[in-house]
Amino acid sequence: MKTVILCGGRGTRAYPYTEHFPKPMMPINGTPIIVHLMHVFAAQGFTEFVLAAGHKQEMLLDYFDGRFPDWDIRVVDTGADADTGERIARCGSFVGEQFFATYGDGLGNIDLHNLIENHNKSNRLATLTTVPLRAQYGLVVYDKTGKVERFEEKPLVNNYWINAGFMMFEKKALLDWQGKNLEQEVLPHFANNGQLYVSEHEGFWKSMDTSKDQSELEDLLVDGKAPWQVVPDKNTQ
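All of the points below concern the structure found in this document. (Residues numbered from 1 in each chain as written. Predicted model: local features only at pLDDT ≥ 70, side-chain atom pairs only at ≥ 80, totals over all residues. Heavy atoms only, no water.)

### Here's the deal with the overall build of the chain
Point 1. Broken down by element type, the chain carries six helices and 14 strands.
Point 2. Taking 18 Å as the expected radius of gyration for a compact globule of 237 residues, we find that the chain reaches 18 Å, a close match to that expectation.
Point 3. Here the C-alpha coordinates of the chain stretch approximately 65 × 40 × 35 Å along the principal axes.
Point 4. Across the 237 residues of the chain, 46% fall into the buried class.
Point 5. Across the chain, every contact between residues at least 6 apart in sequence was considered, and the portion connecting residues at least 24 apart equals 72%.
Point 6. By element, 48% of the accessible surface of the chain is carried by carbon and sulfur atoms, the whole surface being about 12,600 Å².
Point 7. Distance between charge centres in the chain, computed from 23 positive and 32 negative side chains, equals 3 Å. (Helix = DSSP H or I, 4+ residues; strand = E, 2+ residues; numbered from the N terminus. Rg over C-alpha atoms; globule rule 2.2 N^0.38 Å. Buried < 20%, exposed > 50% of the residue type's maximum accessible area, 1.4 Å probe, protein only. Contact = heavy atoms within 4.5 Å. Areas by Shrake-Rupley, 256 points an atom, 1.4 Å probe, with all protein chains shown as cover. Lys, Arg positive; Asp, Glu negative; His and termini not counted. Charge placed at Lys NZ, Arg CZ, Asp CG, Glu CD.)

### Things to note about unusual backbone geometry
Point 1. In this structure, Lys56 takes a positive phi of about 55 degrees despite not being glycine.
Point 2. Along the polypeptide, Lys56 turns up in the loop between strand S4 (48-53) and helix H2 (57-64).
Point 3. Phi at Phe166 is positive, roughly 45 degrees, even though this residue is not glycine.
Point 4. One can find Phe166 in the loop between strand S11 (156-163) and strand S12 (167-170).

### Points about the nonpolar core
Point 1. Among the nonpolar cores identified, the biggest contains 35 residues, and Ile28, Ile34, Phe41, Phe64, Phe100, Leu112 and Trp228 are the most heavily contacted of them.
Point 2. Where this core is concerned, the elements lending two or more residues are strand S1 (2-7), helix H1 (33-42), S4, H2 and helix H4 (112-122).
Point 3. Broken down by element, the residue count for this core peaks at eight residues, all from H1.
Point 4. Here Trp228 is in contact with Ile28, His36, Val40, Leu107, Gly108, Asn109, Phe204, Leu217, Leu220 and Leu221, once residues within four sequence places are set aside. (Core = buried A, V, L, I, M, F, W, Y, C linked by side-chain atoms within 4.5 Å.)

### Some words on the pattern of salt bridges
Point 1. On inspection of all chains with the given rule, the structure shows nine salt bridges.
Point 2. Between Lys23 and Asp209 there is a salt bridge, with the nearest N and O atoms lying 3.2 Å from each other. Residue Lys23 is found in the loop between S1 and strand S2 (27-28), and its partner Asp209 is found in the loop between strand S14 (205-207) and helix H6 (211-220); the two are separated by 186 residues along the sequence. You'll find Lys23 and Asp209 in the same group, each marked buried.
Point 3. Through salt bridges with shared partners, a single network forms among Lys206, Lys212, Asp213 and Glu216. (Salt bridge = Lys/Arg side-chain N within 4 Å of Asp/Glu carboxyl O.)

### Topic: the packing of aromatic side chains
Point 1. Inspection of the entire model under this criterion finds 12 aromatic pairs.
Point 2. A centroid spacing of 4.6 Å and a plane angle of 10 degrees characterise the contact between Phe68 and Trp71, whose relative ring orientation is stacked.
Point 3. Judged by centre distance (5.8 Å) and plane angle (70 degrees), the rings of Trp177 and Phe190 are edge-to-face. One end of the pair, Trp177, is in the loop between S12 and helix H5 (182-192); the other, Phe190, is in helix H5, with 13 residues separating them in the sequence. In terms of burial, Trp177 and Phe190 fall into one category: buried.
Point 4. Three or more aromatic residues joined by ring pairs form one cluster here, namely Phe41, Phe46, Phe49, Tyr63, Phe64, Phe68, Trp71, Phe100 and Phe166.
Point 5. A cation sits over an aromatic face here: Arg67 above Tyr63, 4.0 Å from the ring centre. (Phe/Tyr/Trp six-rings, centres within 6.5 Å; stacked < 30°, edge-to-face > 60°. Lys NZ or Arg CZ within 6 Å of the ring centre and 35° of its normal.)

### A few points about the pairing of strand S10 (residues 148-152)
Point 1. Alignment of strand S9 (residues 139-142) against S10, held across four bridges, turns out to be antiparallel. Across the sheet, the residue bridging to Val140 is Phe151, located in S10.
Point 2. The antiparallel pairing of S9 with S10 creates a hairpin that spans five residues between the two strands, and Gly146 there sits at a positive phi of about 95 degrees. (Pairing = 2+ DSSP bridges.)

Rendered as structure tokens:
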């Protein structure tokens with residue numbers, strides 16, 4: 001099973017870092033986030049990667065040249081200005097009958113074998129991982145009289161789920177690939193045709209959109225261990 005990683009966008013929210021590097025090359029304690037992401041897959045037996053490159057792709061080519069000899073890494077030029085859906089489609093000739101696809105800036109302790117199981121049970125063309133929405137701000141909880149009872153730091157919002165990436169596709173989905181943008185066109189098209197399912201994940205997940213996110217992820221990496229490195233045991237869920 002090959003994994004397509006989207007790593008060709010300009011990452012404007014991470015400016016000025018992305019003026020010089022692709023966003024997935026932003027480091028977490030010295031190691032690019034994309035490498036942390038690849039370790040999530042490799043630790044579960046998936047070591048074949050297709051990097052859907054574009055903006056500053058030469059940085060990816062240089063970094064991965066000769067590194068990680070136990071992994072099969074192919075950097076594919078999908079165009080400097082291509083959109084997310086276009087990038088995956090342009091990697092179609094490098095994947096098998098089923099493949100993973102994910103964003104190069106999101107980390108989670110996703111159980112990939114559970115994702116495969118859920119996808120195959122659905123018998124559909126595509127499955128994406130969803131995680132509970134976390135509030136952007138902390139909450140103040142108080143009673144009817146106005147007395148503050150407690151503070152809740154960025155709680156989860158019940159019954160609202162967001163796209164966390166970590167997707168799985170049938171290769172034949174590329175035959176019905178509609179649109180350029182993955183989130184606004186491709187996935188909604190599959191959903192409208194009943195061909196998109198979800199695999200829920202309630203463990204760790206976080207994206208790195210800004211330097212603040214980068215700092216928070218670095219704080220989580222302690223003594224070489226991080227929450228995205230631990231895959232939940234299905235027997236304890």
